[in-house]
Amino acid sequence: MPLPLKIAVAGALGRMGRQMTETIEADPRLDLAARFHRPGSAGEGLVERDEALALADVVIDFTTPAASAELARACAERGGPALVIGSTGFDAAELKTIADAARKIAIVRSGSYSLGLNLLTGLVEQAARALGGDDCDIEIFEAHHRFKVDAPSGTALMLGEATARGRGVGLDDAAKRARGGVTGPRAAGEIGFAVLRGGSIVGEHSVSFLAEGERLTLSHAAGDRSMFARGAIAAALWVAGRRPGEYDMRDVLGLAA
């Protein structure tokens with residue numbers, strides 16, 4: 001697709017929407033074609049959603065699960081534009097709406113758009129494959145700011161899926177998302193999650209592999225939101241002109257099997 005690529009930003013008044021706007025405007029490969037927010041929102045330069053979709057090659061969306069699913073449906077009904085989704089915390093019905101939309105348009109959906117975190121995911125999968133489930137425990141820790149509404153984070157779940165793939169199991173079968181009271185001994189093969197919320201933490205994630213006498217920890221810390229914006233732009237440049245389908249950052253980075 002010819003450059004500059006025309007980008008529309010959904011949720012333009014949110015924290016990530018503002019960061020996306022700033023990053024797009026600084027990139028000569030991109031044209032900020034439109035900005036939109038929820039219906040009735042007021043702000044300089046905002047347009048209605050349907051107008052934005054008509055102007056864009058790709059929409060970048062960091063909003064809410066319900067809004068993202070509805071946006072995917074609207075894009076699919078028009079036959080485009082392509083869509084980059086950064087929202088997390090979807091329920092089964094919302095995921096089905098996105099999967100249905102991906103039959104008609106190209107969609108990238110990821111729990112994180114950090115390039116470093118997506119590379120970490122590949123390393124975590126390799127480590128889980130190499131370290132046996134019976135004698136090596138896995139714990140995933142994540143920390144975010146006080147305003148984050150879903151837990152574990154989409155990125156933590158992405159890391160959990162990577163460990164489960166490495167071990168050849170389903171994450172739903174192996175995950176232990178909370179502990180309290182008299183829990184008894186840890187079950188073999190369990191993939192544990194721990195969550196911290198507070199302050200202004202942008203995002204911290206680690207995966208620990210714990211065996212008798214040793215511990216391996218792979219981790220990543222986010223300094224600011226610009227890294228997520230750069231990853232979303234990489235996804236937008238990659239997905240423009242792709243055939244319909246639901247992709248993730250492993251596809252964008254060439255890490256998919």
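This text gives an overview of the structure that appears in the document. Note that this is a predicted model, so its numbers are computed, not measured. (Residues numbered from 1 in each chain as written. Predicted model: local features only at pLDDT ≥ 70, side-chain atom pairs only at ≥ 80, totals over all residues. Heavy atoms only, no water.)

**A word on the overall build of the protein chain**
Move 1: Counting its secondary structure elements, the protein chain contains nine helices and 11 strands.
Move 2: Computed over C-alpha atoms, the radius of gyration of the protein chain comes to 19 Å, within 12% of the 18 Å expected from 2.2 N^0.38 for 257 residues, which places it in the range of a compact globule.
Move 3: Expressed along its principal axes, the backbone C-alpha trace of the protein chain runs to roughly 60 × 40 × 35 Å.
Move 4: Across the 257 residues that make up the protein chain, the buried fraction comes to 47%.
Move 5: Considering only contacts in the protein chain between residues 6 or more positions apart, those separated by 24 or more positions represent 71%.
Move 6: Per element, the accessible surface of the protein chain, about 12500 Å² overall, is 50% carbon and sulfur. (Helix = DSSP H or I, 4+ residues; strand = E, 2+ residues; numbered from the N terminus. Rg over C-alpha atoms; globule rule 2.2 N^0.38 Å. Buried < 20%, exposed > 50% of the residue type's maximum accessible area, 1.4 Å probe, protein only. Contact = heavy atoms within 4.5 Å. Areas by Shrake-Rupley, 256 points an atom, 1.4 Å probe, with all protein chains shown as cover.)

**A short note on the packing of aromatic side chains**
Move 1: Enumeration over the complete set of coordinates arrives at two aromatic pairs.
Move 2: For the ring pair Trp238 and Tyr247, a centre distance of 5.0 Å and an interplane angle of 80° mean the geometry is edge-to-face. For the pair shown, Trp238 and Tyr247 are each scored as buried.
Move 3: The ring of Trp238 has Arg242 sitting right over it, with the charged end atom 3.9 Å from the ring centre. (Phe/Tyr/Trp six-rings, centres within 6.5 Å; stacked < 30°, edge-to-face > 60°. Lys NZ or Arg CZ within 6 Å of the ring centre and 35° of its normal.)

**Examining a nonpolar patch on the surface**
Move 1: Among the surface-exposed residues, Leu115, Leu119, Leu253 and Leu255 lie close enough to one another that they form a single nonpolar patch of about 310 Å² accessible area.
Move 2: Position of Leu255 among the secondary structure elements: in the segment after helix H9 (249-252).
Move 3: A relative accessible area of 39% places Leu255 in the partly exposed class. (Patch = residues over 30% accessible without salt bridge, like charges linked within 9 Å, V, L, I, M, F, W, Y side chains within 5 Å. Salt bridge = Lys/Arg side-chain N within 4 Å of Asp/Glu carboxyl O.)

**Some words on helix H6 (residues 154-167)**
Move 1: Counted at 1.5 Å a residue, the expected span for H6 with its 14 residues is 20 Å, and the 20 Å between its end C-alpha atoms agrees.
Move 2: Counting buried positions over the 14 residues of H6 gives 11, a clear majority of the element.
Move 3: Listed in full, the buried residues belonging to H6 are Gly154, Thr155, Ala156, Met158, Leu159, Gly160, Ala162, Thr163, Ala164, Gly166 and Arg167.
Move 4: Looking at the packing, one finds that the buried side of H6 touches helix H5 (115-130), strand S6 (136-144), helix H7 (171-174), strand S8 (191-197) and strand S9 (204-211). (Expected span 1.5 Å × (residues − 1).)

**Quick notes on the layout of surface pockets**
Move 1: By volume, the largest pocket is sized at about 1200 Å³.
Move 2: Residue lining of the largest pocket: 46 residues in total, with Met16, Phe62, Thr63, Thr64 and Ser87 positioned closest to the centre.
Move 3: Contributing elements (two or more residues each) for the lining of the largest pocket: helix H1 (15-25), helix H3 (65-78) and H6.
Move 4: Among the elements that take part in the lining of the largest pocket, H3 stands out by supplying four residues, more than any other.
Move 5: Tallied by class, the residues present in the lining of the largest pocket amount to 17 nonpolar, 20 polar and nine charged.
Move 6: Quantified by volume, the second largest pocket comes out at close to 620 Å³.
Move 7: Looking at the second largest pocket, it is lined by 24 residues, and the ones nearest its centre are Arg109, Gly154, Leu157, Met158 and Glu161.
Move 8: Looking at the lining of the second largest pocket, the elements that each hand over two or more residues are H5, H6, H7 and H9.
Move 9: For the lining of the second largest pocket, the element with the most residues is H6, which contributes five residues. (1 Å grid on protein atoms, 1.4 Å probe; cavity = no way out; pocket = protein on both sides within 12 Å on 5 of 7 lines; lining within 4 Å. Points joined across faces, edges and corners; volume = space filled by probe spheres on them. Nonpolar A, V, L, I, M, F, W, Y, C, P; charged D, E, K, R; others polar.)

**A short note on the sheet that holds strand S3 (residues 58-61)**
Move 1: The strand order across the open sheet built from six strands is S2-S1-S3-S4-S5-S11, with neighbouring strands paired in parallel fashion. The outermost strands of the open sheet, each flanked by one partner alone, are strand S2 (30-35) and strand S11 (245-247). When strand polarity is set aside, the average angle formed by the axes of neighbouring strands in this sheet is 25°.
Move 2: Examined bridge by bridge, strand S1 (residues 5-10) and S2 share five bridges and lie parallel to one another. Looking across to S2, one finds that Leu5 is bridged to Leu30.
Move 3: Lying over the sheet, H1 contacts S1, S2 and S3, oriented at roughly 145° with respect to S2. (Pairing = 2+ DSSP bridges. Axes fitted to C-alpha atoms, helices over the stretch in contact; angles between N-to-C directions.)

**Points about the side chain of Thr155**
Move 1: Inspection of the secondary structure assignment puts Thr155 in helix H6.
Move 2: Other than its neighbours up to four places away in sequence, Thr155 contacts Gly111, Ser112, Leu117 and His205.

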